[in-house]
Amino acid sequence: MNFSEEILNTAMEMSMEFGENWLKPIHERINKKYPNISSEDLDKLNSICKKVNQFANNYFYRGGSVINGEIEFVNFNQFKKDILLKYSWISENNLSHLYSQSCYYARK
């Protein structure tokens, strides 16, 4: 199945949730919103989101450095440009959240 940008971005948003859904698979939540998606496609969506999150997190580990507990990174615009080269469907809101979350994880 070719996923719409709406479905991909909804899945991406769900994959970055904190709280009770933190790091949990998105299958059940996506299925509630889009009940016609097959189990196989739910697996694919979950996998895509994991790859995007890993790409973003690795981007910070490769491109940033920690000095006295402070992180120095490539700026958001560079991050956005590089992410969109690989994942052109990501919304501005998800890019911002992905950037913030990757900053958070890099500090930990």
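All values reported here derive from a predicted model rather than from experimental measurement. (Residues numbered from 1 in each chain as written. Predicted model: local features only at pLDDT ≥ 70, side-chain atom pairs only at ≥ 80, totals over all residues. Heavy atoms only, no water.)

K.L.:
Honestly, the overall build of the protein chain in this entry has me stumped. Any pointers?
P.N.:
Summing up its helical and strand segments, the protein chain has five helices and two strands in all. Ordered by position from the N terminus, the helices and strands of the protein chain form the series α-α-α-β-β-α-α. By the burial criterion, 40% of the 108 residues in the protein chain qualify as buried. Look at the contacts in the protein chain between residues 6 or more apart in sequence, and 58% of them connect residues 24 or more apart. As displayed, the protein chain has an accessible area near 6,800 Å², and 48% of this comes from carbon and sulfur atoms. (Helix = DSSP H or I, 4+ residues; strand = E, 2+ residues; numbered from the N terminus. Buried < 20%, exposed > 50% of the residue type's maximum accessible area, 1.4 Å probe, protein only. Contact = heavy atoms within 4.5 Å. Areas by Shrake-Rupley, 256 points an atom, 1.4 Å probe, with all protein chains shown as cover.)

K.L.:
Honestly, the packing of helix α4 (residues 76-86) against helix α5 (residues 92-107) in this entry has me stumped. Any pointers?
P.N.:
Helix packing geometry: the angle between the two helix axes and the distance between the axes. At a minimum axis distance of 11 Å, the contact between α4 and α5 shows a crossing angle of 115 degrees. Remark: the crossing between α4 and α5 carries right-handed chirality. Where α4 approaches α5, its residues F76, F79, K80, I83 and L84 are matched on the opposing element by E92, L95, S96, L98 and Y99. For the contact of α4 with α5, the residue count by class is seven nonpolar, one polar and two charged. (Axes fitted to C-alpha atoms, helices over the stretch in contact; angles between N-to-C directions. Left-handed = near helix turned anticlockwise from the far one by under 90°. Nonpolar A, V, L, I, M, F, W, Y, C, P; charged D, E, K, R; others polar.)

K.L.:
When you look at the pattern of salt bridges in this model, what are you seeing that I'm missing?
P.N.:
Two side chains carrying opposite charge are able to pair once their charged atoms lie near each other. According to the stated counting rule, one finds four salt bridges in the structure shown. Across the salt bridge formed by E40 and K44, the nearest N and O atoms sit 3.4 Å from each other. Note that E40 and K44 are positioned in helix α3 (residues 39-63) at a spacing of four residues, about one turn of the helix. On the accessibility criterion, E40 (53% relative accessible area) is exposed. Residue class for K44 comes out partly exposed when judged on its relative accessible area of 36%. Salt bridges sharing partners connect three or more residues here, namely E40, D41 and K44. (Salt bridge = Lys/Arg side-chain N within 4 Å of Asp/Glu carboxyl O.)

K.L.:
I would appreciate a short explanation of the nonpolar core in the present structure.
P.N.:
Across soluble globular proteins, nonpolar side chains have a tendency to be buried as a group. By size, the foremost hydrophobic cluster in this structure holds 29 residues, and its most contacted members are I30, L45, F79, I90 and L98. Put simply, the parts of the chain that give this core at least two residues each are α1 (5-15), α3, α4 and α5. Examining the composition of this core, we find that eight residues originate from one element, α3, more than from any other. (Core = buried A, V, L, I, M, F, W, Y, C linked by side-chain atoms within 4.5 Å.)

K.L.:
Looking at this structure, how should I read the confidence of the model for the protein chain?
P.N.:
Regions with low pLDDT should not have their predicted coordinates read in detail. A residue-level look at the protein chain finds 88% of positions with pLDDT of 70 or above and a mean pLDDT of 87. When mean pLDDT is taken per element in the protein chain, α1 scores highest with 97 and strand β1 (residues 65-67) scores lowest with 50. (pLDDT = per-residue confidence, 0-100.)

K.L.:
Looking at this structure, how should I read α5?
P.N.:
Note that an α-helix has 3.6 residues per turn; residues three or four places apart therefore point the same way. Across its 16 residues, α5 extends 23 Å between first and last C-alpha, which sits within 8% of the 22 Å expected from 1.5 Å per residue. Turning to α5, its buried residues are N94, L95, L98, Y99, Q101, S102, C103, Y105 and A106. (Expected span 1.5 Å × (residues − 1).)

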